[in-house]
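Single-letter residue listing:
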Amino acid sequence: MIVLPIIFQFVAGTILLFFWQKTTLQKFLSILFSIIGLGISIWLFLLVWENGIMITQSGDWKAPFGISFVADTFGVTMVLLSSISGLAVSIFSAGSMRKERLEFGFFPILHFLIMGLQGAFLTGDIFNLYVWFEVVIISSFVLLTLGGKKQQLEGALKYVSLNLLASSLFLIGIGFIYGLTGSLNMADVAIKLDNLQNRGLVSVTSGIFLVAFGIKSAIFPMYFWLPASYHTPPPAVSAIFAGLLTKLGIYAMLRTFTLMFGGDEFMGDIMVILAALTILSGGLGALLQQNMGKIFGYLIVCHIGFLIAGLGMYTELAIMGTVFYLIHDIIVKTNLFMVSGLILKINGTQDIRELGGMYKNFPIISLLMAIPLFSLVGIPPLSGFWAKIFLIQAGLQTQDYVLIGFIVLGSFLTLWVIARLWSEVFWKNGVYLPKKASGLYFSQMTKADQWLMVFPIVLLSGISLYIGFGAENIIILSQRISTELMDPSGYIEAVLGLKTMTP
Amino acid sequence: MEILLVIIIGLLHAGGLYMLLRRSMFKMIIGLILLGNGANLLIFLLGRLVKGHPPVIEDGMKVFADIYADPVPQALVLTAIVIGFGLQSFAIILIKRVYNVLHTDDLDELNSTDEEI
């Protein structure tokens, strides 16, 4: 029952495979499937919101033996967010993606990618999580290399090799977990790890997981693949990567470090240090760059630091701040790359020194773009503000004053970057740019295609505004998630069937 | 047997890491393959090796009377091998494409993504 979103995305991708060359039909079907997928996710979300954690045991094998799928509030929230981003990217790519890329199966792979993500969010088995990770990265490899330009191939090589390394580290970690506990079900592992005497081995295992997920989510010493590869594919692809792939690493970290390695002091301290350095290096990196895609790439790294910071502090308030930030970040980052894609389509370049005069020529689109840009900074009523408030409040509680300093510094650096971007791209007088031959410009596109590019930005900006102005609802949601994460006994009981609950 | 496997795993990991640190793309992919195989053997080892006791219940018995080999690590390793195989073949094709486009095998020359555009 709760695997319905996964099965649906699989069916959608498979159906799209049958229409390999018919790109117009593919566009229509992909948008339709994404809307239905979003509907299913909303339904599942409401169901879990009403009934609490729901379980499906695959093949009806009892919990520690079979693979269980667990839909708790955190999981279904992530599924919902991934559906929203998927819908937005599907619409955006229908408008902007070139025909050569569509003919090589862009849409089927997009649906397989979303299937992998939703599978990872819903599984309750650590090895199954690894399998979903692989589904995600193989799809992302294909999306990244689709088109085969020189830069793309170079970026992809860096991305592929580091991700393969992370995968084998993850596998080693799973081997350790199995050796220590003899189980793979995360709830079962949690109980058995708790009773283990040899804490040193548990710490080492959690360290391996930290490195493996750290590479995937681009935290401080392991982030170099991200700015080298994220600006190379078309902006629609970057958008889904930015919104969801690094966040998958964060999701896995939140899940394993709250459930399995709950509250390890030493790891918490390491995470806080890494978070501070991630914020600093991402923010400074973004300041140095002139290409918009790269600026946003470094900003992803910077804001991953905020997410790790909350996890490192490990109090209920901090986790709540992290979850709120995660919800805000997925929507905003997806939107940002679509904004950069639209600017690229309008002007033919992403170099901010050459750009200019956006506000003069496209005032309404510019105001629209202002919403994600300033949400990212966290100007008070907008969405980024609330998340940072909770993180800073949590820091005051645990007296991590240095970390608070870094969070404020990170916000300030983001503000600086966005202000520079705004004045260079939107306010500066535009210069005449010679038009390049490749690709259609925004002004040459049909009205329908133009709307297909602008509409997802409107949609995601609307959601950003809702997160900002309707913050009390999101606060209730993230409070419930953080309570569930910090006290995993409900999760464990539900999975192992100590308290029977049938879907 | 365990000691032998431990040594092999150590060698695979050491060799894999050494290859990863070289500048050649081709050696990098060999390093990744060695690391992957090392990880697979590690799961096998950590799942406890049992010799001559298949995970099959004998005739006329309801439960295992004797010690038996755990089938789960074997299933895990099999899955991991298949997945790893797919990823590695993708990476090999990617490297061939990169070589065809850039005419170099040296990772230090792959720096156009870091240049200003």
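Parameters at a glance
- Residues numbered from 1 in each chain as written.
- Chains lettered and ligands numbered in written order.
- Predicted model: local features only at pLDDT ≥ 70, side-chain atom pairs only at ≥ 80, totals over all residues.
- Helix = DSSP H or I, 4+ residues; strand = E, 2+ residues; numbered from the N terminus.
- Contact = placed C-beta atoms within 7 Å.
- Rg over C-alpha atoms; globule rule 2.2 N^0.38 Å.
- Buried ≥ 20, exposed ≤ 12 C-beta atoms within 10 Å, placed from the backbone.
- pLDDT = per-residue confidence, 0-100.
- Domains from an automatic or database assignment.
- Nonpolar A, V, L, I, M, F, W, Y, C, P; charged D, E, K, R; others polar.
- Axes fitted to C-alpha atoms, helices over the stretch in contact; angles between N-to-C directions.
- Parallel < 35°, antiparallel > 145°, perpendicular 65-115°, else oblique.

*Asks:* Can you tell me about the overall build of chain B, naming the residues and giving the values?
*Replies:* Counting its secondary structure elements, chain B contains three helices and zero strands. Mapped from its N terminus to its C terminus, chain B presents α and β elements in the order α-α-α. If you line up chain B on its principal axes, its C-alpha atoms span 75 × 25 × 20 Å. Taking all contacts inside chain B whose residues are at least 6 apart in sequence as the whole, residues at least 24 apart take part in 57%.

*Asks:* Mind laying out the overall build of chain A, listing which residues take part and the relevant values?
*Replies:* The helix and strand inventory of chain A stands at 21 helices and two strands. For a compact globule of 503 residues, the expected C-alpha radius of gyration is about 23 Å, and chain A comes in at 22 Å, within 12% of that figure. The C-alpha extent of chain A, read off along each of the three principal axes, is 70 × 55 × 40 Å. For chain A, the proportion of its 503 residues judged to be buried stands at 61%. Partitioning the contacts of chain A with sequence separation of at least 6, the portion at a separation of at least 24 is 80%.

*Asks:* Tell me about the environment of I467(A), and please be specific about residues and values.
*Replies:* Residue and element names in this part refer to chain A. Locating I467 in the fold gives a position in helix α19 (residues 447–469). On a C-alpha basis, the gap between I467 and F442 in space is 30 Å, while along the polypeptide they are 25 residues apart. Those residues in contact with I467 that lie beyond four places of it in its chain are I327, H328, I331, S383 and I474.

*Asks:* I'd like a rundown of the confidence of the model for chain A, residues and numbers included.
*Replies:* Detailed conclusions should not be drawn from predicted coordinates in areas where pLDDT is low. Within chain A, residue pLDDT values average 88, and 97% of them lie at 70 or more. Ranking the helices and strands of chain A by mean pLDDT puts helix α5 (residues 106–122) of chain A first, with 94, and helix α4 (residues 99–103) of chain A last, with 78.

*Asks:* I'd like a rundown of the environment of L355(A), residues and numbers included.
*Replies:* Within the secondary structure, L355(A) is located in the loop between α14 (316–347) and α15 (358–361). In sequence terms L355(A) and V425(A) are 70 residues apart; their C-alpha atoms lie 5.2 Å from each other.

*Asks:* An account of the domain arrangement of chain A is needed here, citing residue identities and associated values.
*Replies:* Residues and elements named next belong to chain A. In terms of domain boundaries, chain A breaks down into domain 1 (1–216) and domain 2 (263–431 + 441–488). Placing a centre on the C-alpha atoms of domain 1 and another on those of domain 2 gives a separation of 23 Å. Across the boundary between the two partners, domain 1 contributes 18 residues, which contact 23 residues of domain 2. Elements with a minimum of two residues in the side of domain 1 that touches domain 2: α3 (73–96) and α9 (199–217). Among the residues forming the side of domain 1 that touches domain 2, the class breakdown is 10 nonpolar, seven polar and one charged.

*Asks:* Please provide a residue-by-residue account of the packing of α9(A) against helix α11 (residues 235–259) of chain A, values included.
*Replies:* Residues and elements named next belong to chain A. Running from amino to carboxyl end, α9 crosses α11 at an angle of 155°, the nearest separation of the two axes being 7 Å. Put simply, α9 runs roughly antiparallel to α11. Here F209, F213, K216 and S217 of α9 lie close against α11, whose contacting residues are T246, L248, G249, I250, A252, M253 and T256. When grouped by side-chain class, the residues that make up the contact of α9 with α11 number six nonpolar, four polar and one charged.

*Asks:* Go over the interface of chain B and chain A with me, naming the residues and quoting the values.
*Replies:* Contacts between chain B and chain A engage 29 residues on the former and 31 residues on the latter. Elements that contribute at least two residues to the side of chain B that touches chain A include exactly α2 (25–46) and α3 (71–102) of chain B. When residues in the side of chain B that touches chain A are grouped by element, the largest group, 14 residues, is from α3(B). Residue composition of the side of chain B that touches chain A, by class: 20 nonpolar, six polar and three charged.

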